[in-house]
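Observations on the model geometry
Listed below are the residues making up each chain.
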Amino acid sequence: MTAPAPAGSSNVSAIRDLLTPEAVRARCGEVFARGLEDGLPAFRIDLDRMKDATTRVVAEIRTHYPALDVPFHSRWRHFEFDGVDLWQQRVKQADLSGTDLTAAAGDLAIISVLLDAGAGADWTYLDQETGLRLGRSEGLALASLRLFEAGTLSADADDPLRADASALKALTAEQLGDAFQAGSNNPLVGLAQRAELLQRLGGAVEDRPEIFGRNGAARPGNLLATLADPPTGRSGVRARDILIAVLDGLMPVWPSPIRIGGIPLGDVGRHAAIVRQDDTDGIVPFHKLSQWLSYSLIEPLQHAGIKVEDLDGLTGLPEYRNGGLFVDTGVLTLKDPAAATAAHDPADALIVEWRALTVCLLDRIAEDVRTALGRDAKQLPLASVLQGGTWAAGRRIAAEKRAGGPPPIMIKSDATVF
């Protein structure tokens, strides 16, 4: 599958190229190169401080994965608590297998990742089955799993473990709020926007039967069946192809304030370090949520017997835990310290710059971590370094430095910021 080609644009090739992980690395690399010359407006880079960041990541991996068998950073990790895999437990109870299991896993991964934007510091979810009370990403994951299990997103009363386009389109904010235990005493940031995301997901799935239609049903998880049918001469799928398929099929779902010729570009920002002689001038792509989803689709494909190649074809995820690790260890420092006292819009040049630098630093720290642990990229792909890893180290140092563990730089969120 190739990146979608927007019709009617004089810059078709340039726009298509923005919808790839290669464009993320290349354009973020241009911002990084400017930073190495101390030519950025917001940040300075001190690579001598990478040793501390690497030491922290290595310590996290050795503590949590002493055998160095680090799984991928994906949504599936958030369904595992105290050695119990809640999703696999439900799969066994429902006796799911084969293509039914693959489609259900795809459904769950996609809706759960879509619901994973920042919940706010005041929201928690109390799980009746386990007694766990969790907030933030872990709470959102558990709440989304229970929503899925309840059959609220299914159009078939006899088959609750599915998400159908018609049920997604009919979902209300009230239904979602009830499922997520949201209310005046337990406020969830962007509840209405979350419901709208799932409604738009239903519309996008319904509109692309060639991607999401199988056996008379329109379901987001059918994307895996499409990916499992590789081009002639290929025995598997490359990780980059997962991202491109996600961007192709789900682009109408993402909030996309930056467009070219009316074509939405998804998770991109603008920065003066990017200079082009076409309509993509200044644009830096990230596709963070789409890549997080792509990482989360790798395991269901592997479980279905599909070989996924070139895992490091995807990039690191430019979000506040990974980015915070580099700020809190001094690899990145704000030129204006006062900027750390304000909350910034995701489109602000400072945030775009921070995210671009984070993408490049994650590639660098992955190499440093592998060297320290005596592993190569096949044994410890970037997806495992993130899991092992940078996200956990970012959260730990944030808790050491600030009460409650907020990031060093605050980003405004309405639950549609990824």
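Check the entry above for the structure.
So, here's what we can say about the structure. Residue numbers run consecutively from 1 along every chain, following the written order of its sequence. Reporting in this predicted model follows two pLDDT cut-offs: at least 70 for local features of residues, and 80 or more for side-chain atom pairs to be given and counted; totals over whole chains, interfaces and linings ignore these cut-offs and use all residues. Working from all heavy atoms in the structure, the side-chain values ignore hydrogens and water.

**Re the overall build of the protein chain**
How we decide: A run of H or I in DSSP counts as a helix once it spans at least four residues, and a run of E counts as a strand once it spans at least two, with each numbered from the N terminus. The quantity called the radius of gyration is restricted to C-alpha atoms. Its globule counterpart is 2.2 Å times the number of residues to the power 0.38. Only protein chains enter the accessibility calculation, which uses a 1.4 Å probe; a residue whose area is less than 20% of its type maximum is buried, one above 50% is exposed, and one in between is partly exposed. Whether two residues touch is decided by their heavy atoms; if any such pair falls within 4.5 Å, the residues are in contact. In short, Shrake-Rupley with a 1.4 Å probe defines the accessible areas, and a residue's cover is counted only from the protein chains shown. Asp and Glu count as negative and Lys and Arg as positive, but His and the ends of the chain are not part of the count. Positions of charges follow a simple convention, taking NZ of Lys, CZ of Arg, CG of Asp or CD of Glu.
Summing up its helical and strand segments, the protein chain has 16 helices and 16 strands in all. Whereas a compact globule of 418 residues would reach a radius of gyration of roughly 22 Å, the protein chain reaches 21 Å, a difference of no more than 12%. Along the three orthogonal principal directions, the C-alpha set of the protein chain runs to about 60 × 55 × 45 Å. Evaluated residue by residue, the protein chain yields a buried proportion of 56% over its 418 residues. A fraction of 71% describes how many contacts in the protein chain between residues 6 or more apart in sequence connect residues 24 or more apart. With an accessible surface of roughly 16800 Å², the protein chain has 49% of that area assigned to carbon and sulfur atoms. Distance from the positive charge centre (43 side chains) to the negative charge centre (55 side chains) of the protein chain: 4 Å.

**Considering the packing of aromatic side chains**
Formally: In this scheme Phe, Tyr and Trp rings, the latter by its six-membered ring, pair at centre separations within 6.5 Å, and the angle between planes marks the pair as stacked below 30 degrees, edge-to-face above 60, and tilted otherwise. A ring has a charge above it when a Lys NZ or an Arg CZ is no more than 6 Å from the ring centre and no more than 35 degrees off the ring normal.
Applying the stated criterion across every chain yields a total of four aromatic pairs. Pairing Trp76 with Phe79 gives two aromatic rings, centres 5.7 Å apart and planes at 70°, and the pair type is edge-to-face. According to the relative accessible area criterion, Phe79 is buried, its value standing at 0%. If you follow Arg355 out to its NZ or CZ, it ends over the ring of Phe286, 4.3 Å from the centre.

**Considerations on helix α14 (residues 320–328)**
Side chains three or four residues apart in an α-helix point the same way, a direct result of the helix having 3.6 residues per turn. Basically, it comes down to this: Polar contacts, as counted here, are pairs of nitrogen or oxygen atoms within 3.5 Å of one another; within protein the pair requires one atom able to donate a hydrogen and one able to accept it, and residues that are adjacent in sequence qualify only if both atoms are side-chain atoms.
The element α14 is largely enclosed, with a buried count of eight among its nine residues. Every buried residue of α14 is accounted for by Arg321, Asn322, Gly323, Gly324, Leu325, Phe326, Val327 and Asp328. Packing partners of the buried residues in α14 comprise β1 (43–45), α3 (50–64), β14 (332–334), α15 (349–373) and α16 (382–401). The backbone nitrogen of Arg321 lies 3.0 Å from a side-chain oxygen of the residue at the head of α14, namely Glu319. Immediately downstream of α14, the backbone of Gly330 shows phi near 85°, a positive value.

**Looking at unusual backbone geometry**
For the bond from Gly388 to Gly389, the omega torsion is -20°, close enough to zero to count as cis. Along the chain, the position of Gly389 falls in helix α16. Residues other than glycine seldom take positive phi values, yet Asn215 does so here, at roughly 55°. Take Asn215: it is sitting in the loop between β6 (213–214) and β7 (217–218). The phi angle at Asp310 is positive, at roughly 50°, despite the residue not being glycine. A relative accessible area of 46% means that Asp310 is categorised as partly exposed.

**Observations regarding the packing of helix α12 (residues 239–250) against helix α13 (residues 288–303)**
To keep it simple, the criterion reads: Only the stretch in contact is used when fitting a helix axis, every axis being a line fitted to C-alpha atoms; angles between N-to-C directions are given from 0 to 180 degrees. Here a crossing is called left-handed whenever its near helix is offset anticlockwise from the far helix by less than a right angle, and right-handed whenever the offset is clockwise. Residues were grouped as follows: Ala, Val, Leu, Ile, Met, Phe, Trp, Tyr, Cys and Pro as nonpolar; Asp, Glu, Lys and Arg as charged; and all remaining residues, including Gly, as polar.
Two elements in contact, α12 and α13, have axes whose closest approach is 9 Å; the angle formed by their N-to-C orientations is 120°. Pair α12 / α13 crosses with right-handed handedness. Where α12 approaches α13, its residues Ile242, Leu243, Val246, Leu247 and Leu250 are matched on the opposing element by Ser290, Gln291, Leu293, Ser294, Leu297, Ile298 and Leu301. A breakdown of the residues in the contact of α12 with α13 according to their chemical character gives nine nonpolar, three polar and no charged.

**A few points about the nonpolar core**
Definition in use: Residues grouped as a nonpolar core are buried Ala, Val, Leu, Ile, Met, Phe, Trp, Tyr and Cys residues, joined through side-chain atoms within 4.5 Å.
Membership of the largest hydrophobic core comes to 121 residues, with the highest contact counts inside it found for Phe43, Trp87 and Leu201. At 14 residues, α15 tops the list of elements feeding residues into this core. Residue contacts for Phe43: discarding those within four places in its chain leaves Val327, Leu332, Thr333, Leu334, Lys335, Leu350, Glu353, Trp354, Leu357 and Ile409. Formed by seven residues, the second largest nonpolar core is a distinct cluster that contains Ile15, Ile260, Leu265 and Val268.

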